[in-house]
Amino acid sequence: MQKIVCVTLALAAAAPALAQVPKGYPASYQKTVDEAKKEKKLVIYSSTDQASAQFLLDDFKALYPFVDVEYNDIGTTQLYSRYISEAAAGGKSADFLWSSGMELQVKLATDGYALAYTSPEAKNYAATSKLDNILYGTTMEPGVLVYNKRFVKKPPTTHAEFARVLADSKMNGKVATWDPEKSGIGFTFLHEDTVAVSGAMDLFKALGKSGAGQYSSSGVMMEKVISGEHYFGYNVIGSYALLRAEKVPDIGVAYFRDKTVAFQRPAFISKLAEHPNTAKLFLDYLLSTRGQTVMANKSLIYALRPGIEGPAVPKNVYSKIGGKKNLVVIPVSRDLLKNLDPAVRNDFLNDWRSALKGQ
């Protein structure tokens, strides 16, 4: 369901004191801040859950209180379709797009919808987290195994072990996973499993034999696990799982020690932005030490920037999966466009359907 949050123009009188050029930025950045003061507004389309994003929006507001932020929480596929439709119609649309649908973000950016902008923070990120100066990875979010502690005392730690657990008839109907035909991030996770995880198809067959439920969001999967309808949720977005587990003691979060796949959450400024300077402020904030620290400590969206401390940082994932070598982070790259090729998609989806039938 789409949600809209409006952050009002509170504390406007304090703006001149707070909205300064960040330390280390060129003096010319003051012009960006001044132009943003005139724009006063920022429209964001994002697949990031409201619960996670709100900490960032609140902190951004504290930095730039003159900005009225309209935050639209939309699914990855809907975000893409809505933006394309609005752009074609020549109407108002988003200034800033931030989505876990990596392929779709690359598609939009490389199709000419992204404003070229070299963030002052770009130098702090690896080449695998940037696409030219049009698209920036902002997070490193692993897929995890969520489980209900009332029914699972010792979660599996490898994909093969998980497949063996699912072979027990008691597990029939007790696992949830993505529907890759309806979810962009679901397709990304499961498709990358077949590339990075040895024996992934064997696990998919085990999912099929156990009658796995298929869903289009991590939130629904976690609710099903919390209720006990399912015992496991496979490849749930780790960031959301951490935040949920803080409030629900029955929720457990496990990591696979053979290989764990992680995505980055790419962001770009729309070339059609009505408020481009304000969008620059938000992109720079997300990539900054301050924004990444909020991600790692409050939003619990895994920070991507090196050197950030907190519970949701890459090194804490490494310690759970047997080292950095076992983490497969999907690069922000034009190579992702091949996943949108109908032949590639159909081949994978046919394999997926066959596996679920145990074939």
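The protein is annotated in an unreviewed UniProt entry as Iron ABC transporter substrate-binding protein of Deinococcus roseus.

> Run through the layout of surface pockets, naming residues and quoting values.
The computed volume of the largest pocket comes to approximately 820 Å³. Lining the largest pocket are 32 residues, and of these D49, S217, S218, G219 and Y240 lie nearest its centre. Taken together, the elements giving at least two residues each to the lining of the largest pocket come down to α3 (50-63), α4 (76-89), α7 (184-196), α9 (218-227) and α10 (238-247). Here the lining of the largest pocket takes five residues from α9, the largest share from any one element. When its residues are assigned to classes, the lining of the largest pocket shows ten nonpolar, 15 polar and seven charged. Counted as a void, the second largest pocket has a volume near 440 Å³. If you tally residues by element for the lining of the second largest pocket, the top one is helix α13 (residues 314-321), at three residues. Looking at side-chain class alone, the lining of the second largest pocket contains eleven nonpolar, four polar and four charged residues.

> Go over the packing of aromatic side chains with me, naming the residues and quoting the values.
The tally for this structure, following the rule as stated, stands at 16 aromatic pairs. Summarising the aromatic geometry, the rings of Y64 and F66 are spaced 6.0 Å apart at their centres and angled 70° between planes, so their arrangement reads as edge-to-face. Pairing Y234 with F256 gives two aromatic rings, centres 5.9 Å apart and planes at 70°, and the pair type is edge-to-face. With a gap of 22 residues between them, Y234 in strand β10 (residues 232-237) and F256 in the loop between β11 (251-254) and β12 (260-263) connect regions that are remote in the sequence. Taking relative accessible area as the criterion, Y234 reaches 0% and is therefore assigned buried. An aromatic cluster of three or more residues is present, and its members are F60, Y64, F66, F96, F282 and Y285. The side chain of R345 reaches across the aromatic face of F187, ending 4.2 Å from its centre.

> Give me the lowdown on α10, citing residues and values where you can.
Looking at α10, one finds that the buried residues are G238, S239, Y240, A241, L242 and L243. Looking at the packing, one finds that the buried side of α10 touches α3, β7 (141-148), α9, β10, β11 and α12 (289-299).

Conventions used here
- Residues numbered from 1 in each chain as written.
- Predicted model: local features only at pLDDT ≥ 70, side-chain atom pairs only at ≥ 80, totals over all residues.
- Heavy atoms only, no water.
- 1 Å grid on protein atoms, 1.4 Å probe; cavity = no way out; pocket = protein on both sides within 12 Å on 5 of 7 lines; lining within 4 Å.
- Points joined across faces, edges and corners; volume = space filled by probe spheres on them.
- Helix = DSSP H or I, 4+ residues; strand = E, 2+ residues; numbered from the N terminus.
- Nonpolar A, V, L, I, M, F, W, Y, C, P; charged D, E, K, R; others polar.
- Phe/Tyr/Trp six-rings, centres within 6.5 Å; stacked < 30°, edge-to-face > 60°.
- Buried < 20%, exposed > 50% of the residue type's maximum accessible area, 1.4 Å probe, protein only.
- Lys NZ or Arg CZ within 6 Å of the ring centre and 35° of its normal.
- Contact = heavy atoms within 4.5 Å.

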